[in-house]
Amino acid sequence: MQYNAKAPYLVETHWQIEEVLDGDSIIICNLFTHLRKEIRLYGLDAPEVKYNRKMKEDEQKTHLAAQFLIQLGLEALHYVLSVAPPKTVVTIITEQDNFYDYWNRQLGYVILPGGECLNDLLLINGYAKVTNEYYCGRLAEFQKMNRKAQLKKRGIYKRVKRF
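Q: Honestly, the overall build of the protein chain in this entry has me stumped. Any pointers?
A: A count of helices and strands for the protein chain gives four helices and seven strands. Relative to the globule expectation of 15 Å for 163 residues, the C-alpha radius of gyration of the protein chain, 15 Å, shows essentially globular dimensions. Here the C-alpha coordinates of the protein chain stretch approximately 45 × 30 × 30 Å along the principal axes. The burial tally for the protein chain puts 51% of its 163 residues in the buried class. In the protein chain, 58% of the contacts between residues at least 6 apart in sequence involve partners at least 24 apart. Summing over all exposed atoms, the protein chain offers an accessible surface of approximately 8700 Å²; the carbon and sulfur share of this is 51%. Within the protein chain, one finds 23 positive and 19 negative side-chain charges whose respective centroids are separated by 7 Å.

Right, dumping it as structure tokens:
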């Protein structure tokens, strides 16, 4: 598999999705050691699926009601479940200079069995927006993907111009 993450990076194989938390976070489990960890997807942000601190921030930034944002978050969650359901074996690529987020979750590109990057799929199909809050080496590329999804009114962008 060839991937263009910014070097140096760590490639971790033999992980299985145990739980999809929302459109931008998953719990994975190692097939051999059974070690569990949370992965926060690089470079993107999906709407929340429940009311929390971040939802309050999102309401203020977007001027959209929490209930509507939760509906968008559930759309993103269902999209992830459709392309990467629990039990999917994945490879995680993490840039060593950007290993953890503020909440101490490991950041990563999630590579699916067919070689697709889950991060890319979410942006291309409009179920997440690009963000520099969790910086990654592919940020400029992600910004282009996000803009195309907006212009083509894909995913969440069918219902809103931006979120």
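Let us keep going from here.
Q: Looking at this model, I keep getting lost on the pattern of salt bridges. Mind explaining?
A: Once their charged atoms are close, side chains differing in charge can pair, the charge on each being opposite to the other. Under the defined criterion, the tally for this structure stands at 13 salt bridges. The closest approach of N and O atoms between E18 and R36, which form a salt bridge, is 2.3 Å. With a gap of 18 residues between them, E18 in strand β1 (residues 9-22) and R36 in strand β3 (residues 36-41) connect regions that are remote in the sequence. Take R36: its relative accessible area is 47%, and that puts it in the partly exposed class. R138 is the partner of E141 in a salt bridge, and the nearest nitrogen-oxygen pair spans 2.7 Å. Among the residues examined, E141 registers a relative accessible area of 30% and is labelled partly exposed. The class of R138 is buried, set by a relative accessible area of 3%.

Q: Mind showing me how you'd approach the sheet that holds strand β5 (residues 89-95) here?
A: Hydrogen bonds between backbone groups are what pair the strands of a sheet, and the pairing can be parallel or antiparallel. With mixed pairing, five strands are arranged side by side around a closed barrel as β1-β2-β3-β6-β5. Between one strand axis and the next, the sheet turns through 55° on average, direction left out of account. Sheet topology note: the β1/β5 ladder contains six bridges and is antiparallel. Residue pairing for β5: E12 is matched across the bridge by I92.

Q: Is there a simple way to think about the pairing of β3 in this case?
A: With five bridges joining them, strand β2 (residues 25-30) and β3 adopt antiparallel strand pairing. The residue of β3 that forms the bridge with S25 is R40.

What counts and how
Residues numbered from 1 in each chain as written. Predicted model: local features only at pLDDT ≥ 70, side-chain atom pairs only at ≥ 80, totals over all residues. Heavy atoms only, no water. Helix = DSSP H or I, 4+ residues; strand = E, 2+ residues; numbered from the N terminus. Rg over C-alpha atoms; globule rule 2.2 N^0.38 Å. Buried < 20%, exposed > 50% of the residue type's maximum accessible area, 1.4 Å probe, protein only. Contact = heavy atoms within 4.5 Å. Areas by Shrake-Rupley, 256 points an atom, 1.4 Å probe, with all protein chains shown as cover. Lys, Arg positive; Asp, Glu negative; His and termini not counted. Charge placed at Lys NZ, Arg CZ, Asp CG, Glu CD. Salt bridge = Lys/Arg side-chain N within 4 Å of Asp/Glu carboxyl O. Pairing = 2+ DSSP bridges. Axes fitted to C-alpha atoms, helices over the stretch in contact; angles between N-to-C directions.

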